[in-house]
Amino acid sequence: MSETAFYIPVGITSKADVSRLLRELESLEENVRQSHLQKKPGSTKVNISQIMQEIAHVNSIDLRTTTARKTLAENLQQLKKSAPIVHISFASSPRAQFLANITGWFRREVHPHVLLEVGMQPGIAAGCVIRTTNKFFDFSLRKKMLDNTAVLAQKLREKMQ
Amino acid sequence: MELWQLIAIVTGLLIVMIGGIFVVFALHKKKMVTPKDTEKQTKKAEEDIEHIFDDAFREELRNRGRLYFEKIIGENAMFLQQDLRLTASQLNEYMKQEISKSLREEFKKYEESITDAQQVAIHSIEKTRETIEQQREVLSKQLEAELQEEKTRYMARFEKNMAEIINHYILAAVGDQISLDDQLEYILSDLESSKKEILDDIKTGA
């Protein structure tokens, strides 16, 4: 899989999304095969999800051709297997648009095939916590407040004096 | 004066008197030229002597001698008494002086000993006081340092706890109030600040 040739829409954020697309592709493939067996090609109406349409569109893939479907499936398999994973946690569950913004930043600035593993940590209050393969980044409000405990203590001391 | 000295004096006087008498007789005898005269004179002298030194005279001489002897003895006894009194007085004075001197010396030594002991005691007390003062200063400094350290520790703990309480309160208070959409800008700026590290880790990560 070429990193620059295969585009992933920001709607696909996690491995689960990729797996879902793969299952959808398999289902699509099965429907097409059933239609061929019934010798009525194109007679079966298949509902294709919006995200599938989007990925097909950005990669100029015609889902009606078997080769294209197969190429997409291979690319998705490769993506599932080798895409860099970033674990990111928020204080509350993020909305899709918010997540798309975050995913877009990662794919734009870090790697075009980054997948996110989104988690929830109410304790961080605000901000996010990020874990990459070997590193941990705490951008939470809790961390910032703990880092500035000395400033808070200084202010308390000044008030007490 | 001793008694034997008195006796010796009296005896000496008697011998002188008898000697004088013999000298007088000898001179008187020299004047007689002839033996006959001499014999006559001797005889006469003997008679005279017999006349002079009769019993009454002897008794008188004896009485005189006794009186003189008693007088001499009385005088000497008086002198002796005076001497004794004087000697006793001098002895008494001498004893007083010696005893006073000894006592003064002893008292002086005793006073010096007391002074020395007092000096030693004062020195010892001074040293002890200095040591106690030093110990007190050391203890005071230690106590002050420990108090300061304890105060600092308590203050640090208080500040930490207070900061944690305030942090916890703020997190609990504002955590639910800030929506993720409002945080997007800050999150992206944080990501931007750590972009290089994230990029490096993604590139080099397994």
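Residues numbered from 1 in each chain as written. Chains lettered and ligands numbered in written order. Predicted model: local features only at pLDDT ≥ 70, side-chain atom pairs only at ≥ 80, totals over all residues.

Participant: Sorry if this is basic, but what is going on with the overall build of chain B here?
Facilitator: Tallying secondary structure elements over chain B gives 5 helices and 0 strands in all. Mapped from its N terminus to its C terminus, chain B presents α and β elements in the order α-α-α-α-α. Burial statistics for chain B: of 206 residues in total, 4% are counted as buried. (Helix = DSSP H or I, 4+ residues; strand = E, 2+ residues; numbered from the N terminus. Buried ≥ 20, exposed ≤ 12 C-beta atoms within 10 Å, placed from the backbone.)

Participant: For this particular structure, what's the right way to read the overall build of chain A?
Facilitator: When you go through chain A residue by residue, the secondary structure sums to 6 helices and 4 strands. Secondary structure of chain A in N-to-C order comes out as α-α-α-β-α-β-β-β-α-α. For chain A, with 161 residues in total, the buried portion stands at 27%.

Participant: Which parts of the structure should I look at to understand the confidence of the model for chain B?
Facilitator: A low pLDDT means the predicted coordinates there should not be read in detail. Per-residue confidence for chain B gives a mean pLDDT of 84; residues scoring 70 or more make up 95%. Of the two predicted TM-score estimates for the complex, the pTM is 0.55 and the ipTM is 0.79. (pLDDT = per-residue confidence, 0-100.)

Participant: I keep staring at the interface of chain A and chain B and nothing clicks. Help me out?
Facilitator: It is common to report an interface's size as the accessible area lost on association of the parts. If you look at the interface, chain A gives 32 residues, while chain B gives 29 residues. The set of elements that each furnish at least two residues to the side of chain A that touches chain B consists of α4 (96-109), α5 (141-147) and α6 (149-160) of chain A. Sort the elements by how many residues they give to the side of chain A that touches chain B and α6(A) lands first, with 5 residues. Residue classes in the side of chain A that touches chain B are distributed as 19 nonpolar, 8 polar and 5 charged. (Contact = placed C-beta atoms within 7 Å. Nonpolar A, V, L, I, M, F, W, Y, C, P; charged D, E, K, R; others polar.)

Participant: What exactly am I supposed to notice about the environment of F106(A) here?
Facilitator: Residues and elements named next belong to chain A. Inspection of the secondary structure puts F106 in helix α4. In sequence terms F106 and V86 are 20 residues apart; their C-alpha atoms lie 9.0 Å from each other. Not counting residues up to four positions away in its chain, the partners in contact with F106 are V86 and V114.

Participant: Help me out: how do you make sense of the sheet that holds strand β4 (residues 136-138) of chain A in this one?
Facilitator: Strand pairs in the sheet, formed through backbone hydrogen bonds, run parallel or antiparallel to each other. All names here are of chain A. If you trace the 4 strands from one edge of the open sheet to the other, you get β2-β1-β3-β4, paired in mixed fashion. A strand with exactly one partner marks an edge of an open sheet, and here the two such strands are β2 (115-120) and β4. Neighbour to neighbour, the strand axes of the sheet diverge by 20° on average, direction disregarded. Here strand β3 (residues 128-131) runs beside β4; their pairing, made up of 3 bridges, is antiparallel. Note on β4: the bridge partner recorded for R131 is F136. (Pairing = 2+ DSSP bridges. Axes fitted to C-alpha atoms, helices over the stretch in contact; angles between N-to-C directions.)

Participant: How do you make sense of the nonpolar core when you look at a structure like this?
Facilitator: If you look at soluble globular proteins, the nonpolar side chains tend to sit buried side by side. Grouped together as the largest cluster of nonpolar side chains are 37 residues, with contacts concentrated most on V114(A), C128(A) and I130(A). Split by domain, the residues of this core number at least three in each of domain 1 (15-81) and domain 2 (84-149) of chain A. Setting aside residues up to four positions removed in sequence, C128(A) forms contacts with I88(A), S89(A), F90(A), F139(A), S140(A) and I187(B). (Core = buried A, V, L, I, M, F, W, Y, C linked by C-beta atoms within 7 Å. Domains from an automatic or database assignment.)

Participant: In this structure, what is going on with the packing of α4(A) against helix α4 (residues 180-193) of chain B? I would like to understand it.
Facilitator: In helix packing, the relevant descriptors are the interaxial angle and the interaxial distance, both defined with respect to the helix axes. α4(B) packs onto α4(A) with a crossing angle of 10° between their chain directions and a minimal axis gap of 10 Å. Viewed along their axes, α4(A) and α4(B) adopt a mutual orientation that is roughly parallel. Residues F98(A), N101(A) and W105(A) of α4(A) touch α4(B), and the partners they reach there are L180(B), D181(B), L184(B), L188(B) and L191(B). Here the residues of the contact of α4(A) with α4(B) are counted per class, giving 6 nonpolar, 1 polar and 1 charged. (Parallel < 35°, antiparallel > 145°, perpendicular 65-115°, else oblique.)

Participant: How should I be thinking about unusual backbone geometry in this particular structure?
Facilitator: For residues other than glycine, phi is negative in most cases, and the peptide bonds are mostly trans. Residue and element names in this part refer to chain A. Of note, S60 is a non-glycine position whose phi angle comes to about 55°, a positive value. Assignment of secondary structure puts S60 in the loop between α2 (50-58) and α3 (66-82). Phi at A125 takes a positive value of approximately 70°, unusual for a residue other than glycine. Note on placement: A125 falls in the loop between β2 and β3. Its 25 C-beta neighbours within 10 Å are what place A125 among the buried residues.

Participant: When you look at the pairing of β3(A) in this model, what are you seeing that I'm missing?
Facilitator: Along any regular strand the residues' side chains alternate between the sheet's two faces. All names here are of chain A. In the sheet, strand β1 (residues 85-90) pairs with β3 via 4 bridges, with the strands oriented antiparallel. Counted as the bridge partner of I88 is I130 from β3. As consecutive antiparallel partners, β3 and β4 are separated by 4 residues.

Participant: Please clarify how α4(B) should be interpreted in this entry.
Facilitator: Note: α-helices contain 3.6 residues per turn, so residues at a spacing of three or four share the same orientation. Here α4(B) is 14 residues long and its end C-alpha atoms lie 19 Å apart, about the 20 Å a rise of 1.5 Å per residue gives. The sharpest bend along α4(B) reaches about 30° and sits at Y186(B). Every buried residue of α4(B) is listed here: L180(B), Q183(B), I187(B) and L191(B). For α4(B), the secondary structure elements touched by its buried residues are β1, α4 and β3 of chain A together with α5 (195-204) of chain B. (Expected span 1.5 Å × (residues − 1). Bend = angle between axes of the 7 residues up to and from the residue.)

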